[in-house]
Structures are given as structure tokens and as C-alpha cells.
Amino acid sequence: MQTAAFTLSPSLPLLKSRRLSAQAPTLRFAPTRVSASLKPDTALTSSTNDGLSASLSRRSWSVSSNDFKLRPWTSPAVDRSRFEVAAAAESSGETAEPKSSLYKTLELGSLFGLWYLFNIYFNIYNKQVLKVFPYPATVTGIQFAVGTVVVLLMWGLNLYKKPKISGAQLAAILPLAIVHTLGNLFTNMSLGRVAVSFTHTIKASEPFFSVILSAMFLGEIPTPWVVASLIPIVGGVGLASVTEASFNWAGFWSAMASNLTNQSRNVLSKKVMVKNEESMDNITLFSIITVMSFFLLTPVAIFLEGVKFTPAAMTSAGLGVKQVYTRSLIAALCFHAYQQVSYMILQRVSPVTHSVGNCVKRVVVIVSSVIFFKTPVSPINSLGTGIALAGVFLYSRVKRIKAKPKTA
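Residues numbered from 1 in each chain as written. Predicted model: local features only at pLDDT ≥ 70, side-chain atom pairs only at ≥ 80, totals over all residues. Heavy atoms only, no water.

> How do you make sense of the overall build of the protein chain when you look at a structure like this?
In terms of regular secondary structure, the protein chain is built from 13 helices and zero strands. Going from the N terminus to the C terminus, the protein chain shows its helices and strands as α-α-α-α-α-α-α-α-α-α-α-α-α. Classification of the 408 residues of the protein chain by burial places 38% in the buried group. Expressed as a percentage of contacts within the protein chain between residues at least 6 apart in sequence, the contacts between residues at least 24 apart total 85%. A total of about 23500 Å² of accessible surface is found on the protein chain, and carbon and sulfur atoms cover 64% of it. (Helix = DSSP H or I, 4+ residues; strand = E, 2+ residues; numbered from the N terminus. Buried < 20%, exposed > 50% of the residue type's maximum accessible area, 1.4 Å probe, protein only. Contact = heavy atoms within 4.5 Å. Areas by Shrake-Rupley, 256 points an atom, 1.4 Å probe, with all protein chains shown as cover.)

As C-alpha cells, then:
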């Protein structure tokens with residue numbers, strides 16, 4: 001006697017009960033047709049028919065076959081429910097995705113806001129300290145000292161992973177720490193001599209130094225678009241310098257020197273950083289450079305300016321000790337905070353977006369410092385600053401344009 005195995009669903013509309021005869025009973029169903037022959041002398045009674053009907057009413061029944069095998073299949077009702085479940089999952093995914101996207105947008109917007117806010121407070125409090133305490137090397141050393149304490153606390157409390165530094169990595173980072181130290185020292189020297197707005201207008205010419213140094217040491221030839229974007233930068237800075245009320249050469253060249261050293265740091269990071277050892281993120285690299293800069297600058301500051309930050313020295317100079325200490329601490333914390341937030345943003349956006357944000361940051365700092373310190377600004381000076389900043393924005397956009405490869 002041959003038997004066959006298959007599965008039936010009670011929702012099949014094609015399954016019809018037939019009156020079975022004792023001689024040749026046959027079952028028909030879709031999409032597979034199976035017939036089972038019974039012995040002629042077998043008679044089906046009403047009880048047998050009732051049993052067969054009961055078996056058909058169950059969700060599944062099976063018979064085995066030696067001649068063929070049937071693939072399992074599912075009824076349309078089951079398929080429909082499966083699709084409904086999938087559609088529901090996709091719908092919930094579409095709902096979750098916008099929520100996640102909105103959260104990331106709010107997070108990124110908050111980081112940009114903190115970046116600008118810390119920058120504003122740093123420049124305001126730093127300028128106030130340098131007005132009454134004209135020792136830029138000491139002020140810069142204090143900022144690195146506070147940053148070092150913050151870094152050590154982060155590592156000690158496991159707020160950020162403590163790196164494992166090899167001798168080769170320290171040797172590679174040392175040039176970066178030197179130019180980083182000089183860049184911040186020259187910036188504070190400029191802030192102590194000229195207005196905050198003028199220092200940042202000069203520092204807007206950083207792309208000019210970046211293009212020159214990259215071409216000299218990295219062999220990166222700028223595109224015509226990049227060269228064209230440098231024209232308004234240089235022209236705007238020159239126009240602003242000529243009409244600047246607080247202009248003096250010491251402040252001007254200090255800001256220019258900070259541009260040179262800061263962009264040298266970027267070039268060196270591409271040229272001499274160790275690549276074959278454990279990878280290091282930007283925040284860790286900045287933390288290590290901060291600690292190294294503190295140890296590099298402290299003896300130099302003492303040699304150049306002496307120990308001027310003691311209460312006795314300040315009292316003898318007629319300075320308010322508590323006021324200078326408080327503002328120096330706030331400036332140092334804001335200095336380290338805005339640098340950390342800047343690297344956090346860089347990990348979330350492209351370098352081009354970060355560059356555009358940096359351009360907007362400079363505008364915010366210039367405007368806020370002019371308002372806070374009531375800096376006299378002539379219309380021509382404002383025009384020069386605006387042209388320079390527009391050139392920086394243009395540079396950040398055209399930097400993405402790659403030069404076409406030369407064909408043979």
C-alpha cells in the first residue's frame with residue numbers, strides 16, 4: 001500500500017470533500033494531486049468517513065511515500081500574516097530611524113553650540129587676563145597645566161581610555177607638541193597686543209599657509225579653484241589690517257606666526273605620525289600633546305618671564321589675585337573644552353563640514369568680542385574682515401574639488 005506525506009491548512013478553499021466509494025476512493029486538492037488506492041474488499045463505514053472528516057479538519061496530516069517527496073509549502077493565509085509582520089517591522093524601523101536621526105542632529109547641534117560657546121568665553125576671559133597680566137608664556141603654561149590635570153583625571157577615573165604609548169610614538173608626537181606649544185603661545189602674544197577681533201581676522205589666513213606648506217613638504221599641488229579662493233582671504237586680511245585701530249606689528253606678526261606653526265602641526269601630523277602601531281584617535285593625540293606641551297613650556301616660561309603667578313607677585317603689581325586666578329582658570333578650562341569638543345565634532349562629520357563650522361566659529365568669536373569689548377570697527381575694516389571670512393568659506397568648499405589626472 002502506497003502512502004504520501006503532505007501538509008494541509010484548514011483555510012484552503014480548494015479542498016472539497018467527496019463521497020468516497022469502497023471501490024476506488026480518490027482525494028483531489030490543489031496544488032498537488034495525490035491518489036491513494038485501497039484494497040477492493042475494504043469497505044468504508046460511516047464511522048470511517050467520520051474519522052476521515054475529523055482528520056481533514058485538523059491543521060495537518062501526513063502520509064509517507066516511497067515514490068515521490070513533496071516540498072513543504074504554506075497556505076496563502078500564512079503568507080499574508082508573514083507579510084503583515086514584515087510590514088509592521090519595516091514600519092517600526094521607519095519610525096525608529098527618524099527618531100535616531102533627530103537625536104544625532106540634536107547631539108551634533110549641541111556640540112557645535114558648545115564649541116562656539118567655549119571659544120567665546122575663552123577669548124573674552126583670556127583677553128581680560130592678558131590685559132592686566134601681560135605674560136603670555138605664563139598664561140599659556142597655566143592653560144596647559146589645567147589641561148594636563150583634566151587629562152590625568154579623565155585617564156585616572158576611566159572617563160577615557162588611557163593610551164599605551166611607545167617610545168617611537170612619543171618621538172613622532174614630539175614635533176607636533178613643539179609646534180602646538182608655539183602656536184598657542186603666539187596666539188596669546190597676539191591677543192595681548194591687539195584686539196581679539198583683529199587676531200582672529202589674521203588667523204583667518206590659515207588656509208594660505210596650509211596650501212603653501214602642503215605644496216612644499218607633501219607635494220600636494222592646489223587646484224586652480226583653491227588658489228582662487230586664497231585671493232579674497234589675503235586681500236581681506238590686508239584690508240582689515242590697514243584699517244585696524246589697534247594695529248601694531250608685534251600683534252600682527254605673532255598672529256601670523258601662530259598660523260604658520262598651527263599649519264605646520266597639521267603637515268607634520270600627516271608626514272611623521274607613526275602608523276604601524278596601535279591606532280590613536282584625535283582626542284587621545286590632543287591629550288598627549290597637551291601634557292607634553294606643559295612640560296615643554298613651563299621651564300621656558302619661568303626662564304623668560306620668571307615666577308609671576310604667585311599671590312605675592314600679583315599683590316605687589318597691584319592686581320586682584322582672586323579675580324586673575326578665577327578668570328585664568330575659566331579661560332584654561334574653556335581652552336581645553338573647546339579643543340576637546342572640536343575633535344568630538346571631527347569624529348562625527350567630514351573635514352569639509354568641520355572646516356565650514358570653524359569658519360562660522362571665527363565669525364561668531366569676532367562679532368561677540370566686538371560687542372563685548374566695544375571695539376571700534378570702521379566700515380572698511382568690517383568689509384575687509386567679511387571678505388576674508390568669505391574667502392575662508394569658499395576655500396572650505398572648493399577644497400573638495402580634485403585636480404583632474406593628466407592623461408598621457
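On we go from here.
> Explain the packing of helix α3 (residues 136-156) against helix α9 (residues 282-305) here, please?
Packed helix pairs are specified by the crossing angle of their axes together with the interaxial distance, meaning the distance between the axes. Close contact between α3 and α9 brings their axes to 8 Å; oriented N to C, the two are set at 150°. Overall, the two elements α3 and α9 adopt an arrangement that is roughly antiparallel. Helix-helix and strand crossings are classified by hand; for α3 and α9 the assignment is left-handed. Between α3 and α9, the contacting residues are Pro136, Ala137, Thr138, Thr140, Gly141, Phe144, Ala145, Gly147, Thr148, Val151 and Trp155 on the first element and Ser287, Ile288, Thr290, Val291, Ser293, Phe294, Leu297, Ala301 and Glu305 on the second. Its residues assigned to classes, the contact of α3 with α9 shows eleven nonpolar, eight polar and one charged. (Axes fitted to C-alpha atoms, helices over the stretch in contact; angles between N-to-C directions. Parallel < 35°, antiparallel > 145°, perpendicular 65-115°, else oblique. Left-handed = near helix turned anticlockwise from the far one by under 90°. Nonpolar A, V, L, I, M, F, W, Y, C, P; charged D, E, K, R; others polar.)

> Help me understand the environment of glycine 357, please; the structure alone is not making it clear to me.
Among the structural elements, glycine 357 can be located in helix α12 (residues 351-373). Note on glycine 357: relative accessible area 6%, which makes it buried. Spatially, the C-alpha atoms of glycine 357 and tyrosine 116 are 9.3 Å apart, while their sequence positions differ by 241 residues. If we skip the residues at most four places from it in the chain, glycine 357 touches Phe112, Trp115 and Tyr116.

> Is there a simple way to explain the confidence of the model for the protein chain in this structure?
Should the pLDDT be low somewhere, the predicted coordinates at that spot are not to be read in detail. Residues at a pLDDT of 70 or more form 71% of the protein chain, whose mean pLDDT is 76. For the protein chain, per-element mean pLDDT is lowest for helix α1 (residues 46-57), which scores 45, and highest for α3, which scores 94. Below pLDDT 50 for its whole length, residues 1-92 participates in 69 contacts with residues either more than four positions away or in separate chains. (pLDDT = per-residue confidence, 0-100.)

> Just to check I follow, could you spell out the side chain of serine 258 for this structure?
Examined against the element boundaries, serine 258 turns out to sit in helix α8 (residues 249-271). Take serine 258: its relative accessible area is 0%, and that puts it in the buried class.

> Is there a simple way to explain α9 in this structure?
In an α-helix, one turn spans 3.6 residues, which is why side chains three or four residues apart end up on the same side. End to end, α9 covers 32 Å across 24 residues, agreeing with the expected 34 Å (1.5 Å per residue, within 8%). At leucine 297, α9 shows its largest kink, close to 30°, and the proline proline 299 lies no more than four residues downstream. Residue glycine 306 follows α9 closely and has a positive phi angle near 75°. (Expected span 1.5 Å × (residues − 1). Bend = angle between axes of the 7 residues up to and from the residue.)

> Looking at this structure, how should I read the packing of aromatic side chains?
Aromatic rings considered in pairs are described by the distance between their centres and by the relative angle of their planes. Evaluated as defined, the whole model comprises 21 aromatic pairs. Between phenylalanine 294 and phenylalanine 295 the ring centres are 5.1 Å apart and the planes differ by 65°, which places this aromatic pair in the edge-to-face class. Accessibility expressed as a relative area gives 55% for phenylalanine 295, which makes it exposed. Where phenylalanine 335 meets tyrosine 338, the ring centres are 5.9 Å apart and the plane angle is 85°; that geometry is what we call edge-to-face. Here phenylalanine 335 pairs with tyrosine 338, and both are found in helix α11 (residues 321-346), just three residues apart, close to one helical turn. Accessibility expressed as a relative area gives 13% for tyrosine 338, which makes it buried. What links up through ring pairs into an aromatic cluster is the set Phe198, Phe247, Trp249, Phe252 and Trp253. (Phe/Tyr/Trp six-rings, centres within 6.5 Å; stacked < 30°, edge-to-face > 60°.)

> Please clarify how a nonpolar patch on the surface should be interpreted in this entry.
Residues Phe208, Ile212, Met216, Phe217 and Val234 make up a contiguous nonpolar surface patch of about 460 Å² in total accessible area. Counting residues per element, the nonpolar patch draws most heavily on helix α6 (residues 206-218), which supplies four residues. Residue placement: phenylalanine 208 occurs in helix α6. The exposure class of phenylalanine 208 is partly exposed, given its relative accessible area of 32%. (Patch = residues over 30% accessible without salt bridge, like charges linked within 9 Å, V, L, I, M, F, W, Y side chains within 5 Å. Salt bridge = Lys/Arg side-chain N within 4 Å of Asp/Glu carboxyl O.)

> What's the story with the nonpolar core in this structure? I'm lost.
Note on soluble globular proteins: their nonpolar side chains tend to be buried together. Membership of the largest hydrophobic core comes to 17 residues, with the highest contact counts inside it found for Phe112, Trp115, Phe122, Phe335, Tyr338, Val341 and Ile345. Looking at this core, the elements that each hand over two or more residues are α2 (76-132), α3, α9 and α11. Ranked by residue count, the leading element in this core is α11, at six residues. In this structure, Val211, Leu230, Cys359 and Leu389 belong to the second largest nonpolar core, which totals eleven residues. (Core = buried A, V, L, I, M, F, W, Y, C linked by side-chain atoms within 4.5 Å.)

> Whenever I open this one, the pattern of salt bridges confuses me. Can you help?
Any two side chains of opposite charge can pair, on the condition that their charged atoms come close. Within the structure shown, the criterion is met by three salt bridges. Across the pair glutamate 206 and lysine 203 runs a salt bridge whose closest N-O atoms are separated by 3.6 Å. Judged on exposure class, the residue glutamate 206 and its partner lysine 203 are both buried. Put simply, arginine 362 and glutamate 206 hold a salt bridge, and the shortest N to O gap is 3.9 Å. In this pair, arginine 362 is assigned in helix α12 and glutamate 206 in helix α6, connecting sequence segments 156 residues apart. Overall, the relative accessible area of 6% leaves arginine 362 in the buried class. Residue classification places glutamate 206 among the buried positions, given a relative accessible area of 13%.

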